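Structural overview for review
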Amino acid sequence: MQRIYEPENLMEGELLQQMLASEGIEAHLVGRHLLGGTGELPIFGLLGLEVDNDQAASARELITAYIGAQPLPGGSRRTHHPSPRPPRPRRLGLSCPRADCPGPPPPEDHGPVGRL
């Protein structure tokens, strides 16, 4: 096993671990249990991604490519796609999903309350 990368935080470590898994490389995120000792332990160098020796080179290449990736041009624009059907009118308090439902049912008569 070789330590190939030291993530800045747990989220980055788990993200990279899953990215490597999607490429068929089994990576182990070591040091996650040490994060609770912050203040008593050094802040940096607690987390590390480790892979088998024969997969270390390809894992390093994938991580380097992933970290250096840039967003696609125009990828930040959101386009609005209209709904294929018009929205249903909201009818609060009803359990009927159809728009043409009748009003709420009349209350049931349970007789006098409190009589035994």
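For clarity, every value in this text was computed on a predicted model and none was experimentally measured. Throughout this description, residue numbers start from 1 for each chain and increase along the sequence as written. Given that this is a predicted model, residues contribute local features only at a pLDDT of at least 70 and side-chain atom pairs are listed and counted only at 80 or more, while totals for whole chains, interfaces and linings are drawn from all residues. By convention in this description, side-chain values take in all heavy atoms of the structure and omit both hydrogens and water.

A separate point is the pattern of salt bridges. Throughout this description, the term salt bridge denotes a Lys or Arg side-chain nitrogen within 4 Å of a carboxyl oxygen of Asp or Glu. Enumeration over the complete set of coordinates arrives at 1 salt bridge. With its nearest N and O atoms 3.8 Å apart, the salt bridge here joins Arg3 to Glu6. Buried residues are those whose accessible area, probed at 1.4 Å on protein chains only, stays under 20% of the maximum for their type, while exposed residues exceed 50% and partly exposed ones sit between those limits. Using a relative accessible area of 37% as the deciding quantity, one classes Arg3 as partly exposed.

Attention now goes to the packing of helix α1 (residues 10-22) against helix α2 (residues 56-68). Under this scheme, a helix contributes an axis fitted over its contacting stretch, all axes are lines through C-alpha atoms, and angles between N-to-C directions fall in the 0 to 180 degree range. Only DSSP runs of H or I covering at least 4 residues are called helices, and only runs of E covering at least 2 are called strands; the numbering of each starts at the N terminus. Put simply, α1 and α2 touch, their axes get as near as 11 Å, and they point 120° apart. Comparing the axis directions of α1 and α2 gives the class oblique. Classified by chirality, the crossing of α2 by α1 is right-handed. Each of Glu12, Leu15, Leu16, Met19 and Leu20 in α1 lies in contact with α2, whose residues at this interface are Ala59, Leu62, Ile63, Tyr66 and Ile67. In this classification, Asp, Glu, Lys and Arg are treated as charged, Ala, Val, Leu, Ile, Met, Phe, Trp, Tyr, Cys and Pro as nonpolar, and every other residue, Gly included, as polar. Across the contact of α1 with α2, the residue classes break down as 9 nonpolar, no polar and 1 charged. Note on terminology: angles under 35 degrees are roughly parallel, angles over 145 are roughly antiparallel, angles of 65 to 115 are roughly perpendicular, and the others are oblique. Note on convention: the crossing is left-handed when the near helix lies turned anticlockwise from the far helix by less than a right angle, right-handed when the turn is clockwise. By definition, residues are in contact when any of their heavy atoms lie within 4.5 Å.

With respect to the helices and strands, the residue Arg60 is situated in helix α2. Spatially, the C-alpha atom of Arg60 lies 6.4 Å from that of Ile4, the residues being 56 residues apart in sequence.

It is worth spelling out the pairing of strand β3 (residues 48-51) at this point. Strand pairing is assigned whenever DSSP identifies at least 2 bridges connecting the two strands. Of the pairings in the sheet, the one linking strand β1 (residues 2-5) to β3 comprises 3 bridges and is antiparallel in character. When the bridges of β3 are listed, Tyr5 appears paired with Leu49. Note: strand β2 (residues 27-30) against β3, 4 bridges, orientation antiparallel. Following the sheet pairing, Leu29 is matched in β3 by Leu49.

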